[in-house]
Amino acid sequence: MPQRHLRRFTLSLALVSGLSLPWGAAAQVLETQAREAYMIDVATGTVLLEKNAEESMPPASMSKIMTAVVVFERLKDGRLSLEEKLPVSEKAWKKGGSKMFVRVGDQISVENLLQGVIVQSGNDACIVLAEGLAGTEEAFADVMTEKAREIGMTGSSFANATGWPDPNHRMTARDLATLANYVITEFPEYYHYYSQTEFTWSDIKQSNRNPLLYMNIGADGLKTGHTEEAGYGLTSSAVKDDRRLILVVNGLPSVRARSEESARLLQWGFREFDNYKLFSAGETVEEASVWLGEENTVPLVTADDVLITLPRQARDSMRVTVSYEGPISAPIEEGAQLATLRVEAKDVETIEIPLVTGAAVGQLGGFGKITAGVKHLIFGAP
């Protein structure tokens, strides 16, 4: 058998002309007055901006995204309908802060309550939903925490349905981005409520508090928050040229700062980064040499689309290589992970993507093995 050695191949950058990156360029350094900030590209999961993203923080009304998620789950599995009506308790009616202005004894549809939560940020609407679905607000908060663990939000715990100040009601900026992504991907049929700009209840018309919805920058969600301890925060998402970004900011000093900083950071994310598709799922990246096989080579393919997010200025320095130990001895199973695609660029963390065999290759019989051995001795062929 010939000596096996590590083989590396540099792929032409012409392969990626006009395309983009997944698994994550390193977060860039950008000054922001937000106390916590976190931004990702949804298609690739790449972190574009990170500041104190794992710090436990009071999320204020941004936690109402989770309140809505619990309702969305019930709607999706059929345990609840948008038309179903829930009763208003005295506790809900009395609750302070932002309000939908419900009245004790009213029976309000789930759809209207969702609009009260999402558009008007109504604390009263949150409590009506919590009591209607779980019996008490405290029990509903337990459901919120359980759901957070289920979707990987390890830094979140909930004490109420409203975001009302409580030392046990905490989230992280990263968790809020995870939650926003969950809403967008899992509940597209309900996501439109987040871009609704106004809602009227009890003859009181209120506008959506998300300032980005009025700026013509592609924003279509999600939720603002403010308490004295939390400062001003916003979990937002926007789409431009088929790219979706999610941004979380918190701890800002004013409504104006929240609006201006969120818009600035999103515009920076769209301007300074782009997505590049390198290969489609199942596309052959390289042909690997085979030893004692019924075929001389086996295709190395990607199991999934290879899409990456890179700073635009790093695009020209991108270097794409394939490495594997070869020749590969037959027999070879289809789908075996035998190679690595490596993407490198200036000031960007190296991205490594596994490649798998795109076909099975059987082993030669006795006579074939003898012939291959002779060829190797005479010509050095693998």
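The structure this text deals with has already been given above.
A short tour of the structure in this document, coming up. (Residues numbered from 1 in each chain as written. Predicted model: local features only at pLDDT ≥ 70, side-chain atom pairs only at ≥ 80, totals over all residues. Heavy atoms only, no water.)

1. A few points about helix H7 (residues 255-272)
Our working rule: Under the DSSP-based scheme used, a helix requires at least four consecutive residues in state H or I and a strand at least two consecutive residues in state E, with every element numbered from the N terminus. Working rule for helices: expected span equals 1.5 Å times residues minus one. A 1.4 Å probe rolled over the protein chains alone gives each residue an accessible area, and that area as a share of the maximum for its type sets the label: buried under 20%, exposed over 50%, partly exposed in between. Every residue pair with non-hydrogen atoms within 4.5 Å of one another is taken to be in contact.
Taking 1.5 Å of rise per residue, the 18 residues of H7 would be expected to cover 26 Å, and the 26 Å separating its terminal C-alpha atoms lies within 8% of that figure. Turning to H7, its buried residues number three or more, namely Ala 257, Arg 258, Ser 259, Glu 261, Ser 262, Ala 263, Leu 265, Leu 266, Trp 268, Gly 269 and Phe 270. On its buried side, H7 packs onto strand E2 (36-41), strand E3 (47-51), strand E8 (219-227), strand E9 (231-240), strand E10 (243-252) and strand E11 (273-279).

2. Focus: the environment of Thr 227
Considering the arrangement of structural elements, one finds Thr 227 in strand E8. Sequence separation between Thr 227 and Gly 251 is 24 residues; the distance between their C-alpha atoms is 9.5 Å.

3. Re the pattern of salt bridges
This is how it is decided: Any carboxyl oxygen of Asp or Glu that lies within 4 Å of a side-chain nitrogen of Lys or Arg is treated as forming a salt bridge with it.
Across all of its chains, the model carries 21 salt bridges by this definition. Ionic pairing is found between Arg 174 and Glu 50, a salt bridge with its closest N-O pair at 2.5 Å. Placement of the pair is Arg 174 in helix H6 (residues 173-186) and Glu 50 in strand E3, with a sequence separation of 124 residues. Residues Arg 319 and Glu 344 are paired through a salt bridge, measuring 3.2 Å at the closest nitrogen-oxygen approach. One end of the pair, Arg 319, is in strand E15 (residues 319-326); the other, Glu 344, is in strand E17 (residues 337-345), with 25 residues separating them in the sequence. For Arg 319, a relative accessible area of 42% gives the class partly exposed.

4. Quick word on the sheet that holds E10
Sheets are built from strands that pair by backbone hydrogen bonding, the pairs being arranged parallel or antiparallel. Applicable threshold: The pairing criterion is simple: DSSP has to find at least two bridges between the two strands. To get an axis, a line is fitted to the C-alpha atoms, and for a helix only the part in contact is used. The angle between two axes follows their N-to-C directions and goes from 0 to 180 degrees.
In space, the 5 strands of this open sheet follow the order E3-E2-E10-E9-E8, with antiparallel pairing throughout. Looking at the sheet topology across the chains shown, the edges are occupied by E3 and E8. Recorded for the sheet is a direction-independent mean angle of 5° between the axes of neighbouring strands. Inspection of the sheet shows E9 paired to E10 by 8 bridges, in the antiparallel sense. Looking at E10, one finds that Thr 235 is bridged to Val 248. Along the sheet, H6 makes contact with E2, E3, E8, E9 and E10, crossing E10 at roughly 145°.

5. What about the packing of helix H1 (residues 64-76) against H6?
Note the cut-off: Orientation is classified from the angle alone, with under 35 degrees giving roughly parallel, over 145 giving roughly antiparallel, 65 to 115 giving roughly perpendicular, and any other angle giving oblique. Left-handed describes a crossing in which the near helix is turned anticlockwise from the far one by less than a right angle; the clockwise case is right-handed.
Contact geometry of H1 with H6 gives a least axis separation of 11 Å together with a crossing angle of 30°. Between H1 and H6, the crossing angle belongs to the class labelled roughly parallel. With respect to the hand of their crossing, H1 and H6 are arranged in left-handed fashion. Along the contact surface, H1 presents Ile 65, Met 66, Val 69, Phe 72, Glu 73 and Lys 76, while H6 presents Leu 176, Leu 179, Tyr 182, Val 183 and Glu 186.

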